[in-house]
Every structure is written in C-alpha cells, then in structure tokens.
Amino acid sequence: LAVMQNYGTMLQQPTLSDEKRIEYAKTITDSSRRMADMMTNILKLNRLENQQIFPQATEYDLGEQLCECLLRYENVWEKANIDIETEIEENVHIKADSELLSLVWSNLFSNAFKFTPEGGKVSLTLTATDHHAIVKVQDTGCGMSPEVGAHIFEKFYQGDTSHATQGNGLGLALVKRVVDILQGEISVESMVGVGTTFTVKIRRA
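This write-up is about the structure you can find in this document. Bear in mind the structure is a predicted one, so any value in this text is a computation, not a measurement.

Looking now at the overall build of the protein. Along the protein, the regular secondary structure elements total seven helices and seven strands. Secondary structure elements of the protein, listed N to C terminal, follow the sequence α-α-β-α-α-β-β-α-β-β-α-α-β-β. Burial analysis of the protein (205 residues in total) assigns 38% to the buried set. Taking the contacts inside the protein whose residues are at least 6 apart along the sequence as the reference set, 71% of them involve residues at least 24 apart. With an accessible surface of roughly 12000 Å², the protein has 50% of that area assigned to carbon and sulfur atoms.

Below, the structure written as structure tokens:
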C-alpha cells in the first residue's frame, strides 16, 4: 500500500515525463497484483486451516496433471534459458482432489523458477510404489541454509529477502496445509549455492 501511495502521489506531478508516468503506473499495477495474490492466498489458507475446504477426491493420471502445470511456465523457462528435465513414470493414477494438488505443483514450480538463475536447470520426477506416488521438484538455484529450511513452511516467512517482491511468504504454507489435508508428506533438501529439492509423497488411494 505504501508503494502504491507513493507512486500515486508522484504520478500527480504536472511536469512528469511520459516515460516516468508509464513506469510509475506499472509499479502501481504490479503492487496491486501482488496485493491481490496475497489476499487470495490468505483466504485460501484461512479456509484450509479452518477445514472449510473439503477434499473432493477423483481418480486421475498424476503425470498428466504435472505436465500440464509445468507447461504453464514455458514462457518463464524459455525467457531465462532454463533447462527442463523430466522423468515421469507412466500410468500413475491417484485418487485425490486435483484442484488442491494443482495448488501444490504450481507453487513448487513457481519457486523453482523464481530461485533458479539464467542457464540453470529445473527437474521434475514422478515415481510410484503400490501405495504412494512420489513427486520431486529439483532446481539448481541459490539453495538455502538449514536454518532457513526449518521455517519455510511457516506463514509469511521469506528466507531470501532479495526475492521478497516476487512472493508473499504464503505459497509453501499453502502447500504444507494441502499436503497435510490429503494425508501426504512433504520434505525439502537444500544446499546453499547448489539448489533445492522438494519431495511430495501422496497416497494413491
């Protein structure tokens, strides 16, 4: 709000150039979009925490869903020249709430691309046992320390403040809550300067 107010005030300067006017207007638009995203995530998380969202389980192909979610970021990885590596076991069907799980994959992919520098790599792996589907999302990004890793599923926590304007610290809290509701498991392995791997284990039935 402070950013929007400041740039809104500067937009009122009568001598402002067209270039600056466009720049300030874009900043206000970007800030309002981030605020809208934050409010959406707050509402989703509040409903999840208060059990006002009840899973609607259907059987579907998890590999297809993962590929669809990943392809939404095609423009992002092409622009940043990020290599994509996938190893997806075929015919891995699960019985779960596809809409809730879509939130999980979207947040994990978004984080992977956000923290991976140009020329890096993001990998997606899907394997299965008789009772579980196991998804790994790995990046070659900046990584994080064990101290940061211990808090990343907490609401509003942002371990890397250099990327603070790209998120609101709610994505991984949402991910953790969804995985808990679906009685799954999520873990993270990371090393500073090497990258991060998130592993999600979902029951197949």
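It is worth spelling out the nonpolar core at this point. Ranked by internal contacts, the top residues of the largest apolar core, which has 39 residues, are L62, L101, V104, W105, L108 and F109. Secondary structure elements with two or more residues in this core: α3 (62-71), β3 (93-96), α5 (98-115), β4 (121-128), β5 (132-139), α7 (171-181) and β7 (195-203). With nine residues, the top contributor of residues to this core is α5.

So, about the packing of α3 against α5. The contact between α3 and α5 brings their axes to 9 Å, and the two run at 45°. Between α3 and α5, the angle is such that the two are oblique. Crossing geometry of α3 relative to α5 is assigned as right-handed. Across the interface between the two elements, L62, Q65, L66, C69 and L70 of α3 pack against S98, L101, S102, W105, S106, F109 and F113 of α5.

Along α3, the positions that sit buried rather than exposed are L62, G63, Q65, L66, C69 and L70. Mapping the buried residues of α3 onto a view down its axis gives an arc of 160°, with all of them on the same face. With respect to the buried face of α3, the exposed residues turned more than 90 degrees away are E64, E68 and L71. Sitting at the head of α3, D61 places a side-chain oxygen 2.9 Å from the backbone nitrogen of G63.

Before going further, it helps to spend a moment on the sheet that holds strand β2 (residues 83-88). What the five strands build is an open sheet, ordered β2-β4-β5-β7-β6; its pairing is mixed. Each edge of the sheet is formed by a strand with only one pairing partner; in this case those strands are β2 and β6 (185-191). Neighbour-to-neighbour, the strand axes of this sheet turn through a mean angle of 10°, independent of strand direction. Pairing geometry for β2 and β4, over six bridges, is parallel. Considered in β4, the bridge of E85 is made with S123.

Attention shifts here to the packing of aromatic side chains. Scanning the model with the defined rule gives four aromatic pairs in all. Each ring, one from Y73 and one from F109, has its centre 6.4 Å from the other, and the planes form 70°; the classification is edge-to-face. In this pair, Y73 is assigned in the loop between α3 and α4 (74-79) and F109 in helix α5, connecting sequence segments 36 residues apart. Residue Y73 is classed as buried on the basis of its relative accessible area of 17%. On the accessibility criterion, F109 (1% relative accessible area) is buried. Aromatic ring contacts, followed pair by pair, group Y73, W77, F109 and F113 into a single cluster.

Rules behind the numbers
- Residues numbered from 1 in each chain as written.
- Predicted model: local features only at pLDDT ≥ 70, side-chain atom pairs only at ≥ 80, totals over all residues.
- Heavy atoms only, no water.
- Helix = DSSP H or I, 4+ residues; strand = E, 2+ residues; numbered from the N terminus.
- Buried < 20%, exposed > 50% of the residue type's maximum accessible area, 1.4 Å probe, protein only.
- Contact = heavy atoms within 4.5 Å.
- Areas by Shrake-Rupley, 256 points an atom, 1.4 Å probe, with all protein chains shown as cover.
- Core = buried A, V, L, I, M, F, W, Y, C linked by side-chain atoms within 4.5 Å.
- Axes fitted to C-alpha atoms, helices over the stretch in contact; angles between N-to-C directions.
- Parallel < 35°, antiparallel > 145°, perpendicular 65-115°, else oblique.
- Left-handed = near helix turned anticlockwise from the far one by under 90°.
- Arc of directions from axis to C-beta.
- Polar contact = N/O pair within 3.5 Å; in protein donor to acceptor, adjacent residues only side chain to side chain.
- Pairing = 2+ DSSP bridges.
- Phe/Tyr/Trp six-rings, centres within 6.5 Å; stacked < 30°, edge-to-face > 60°.

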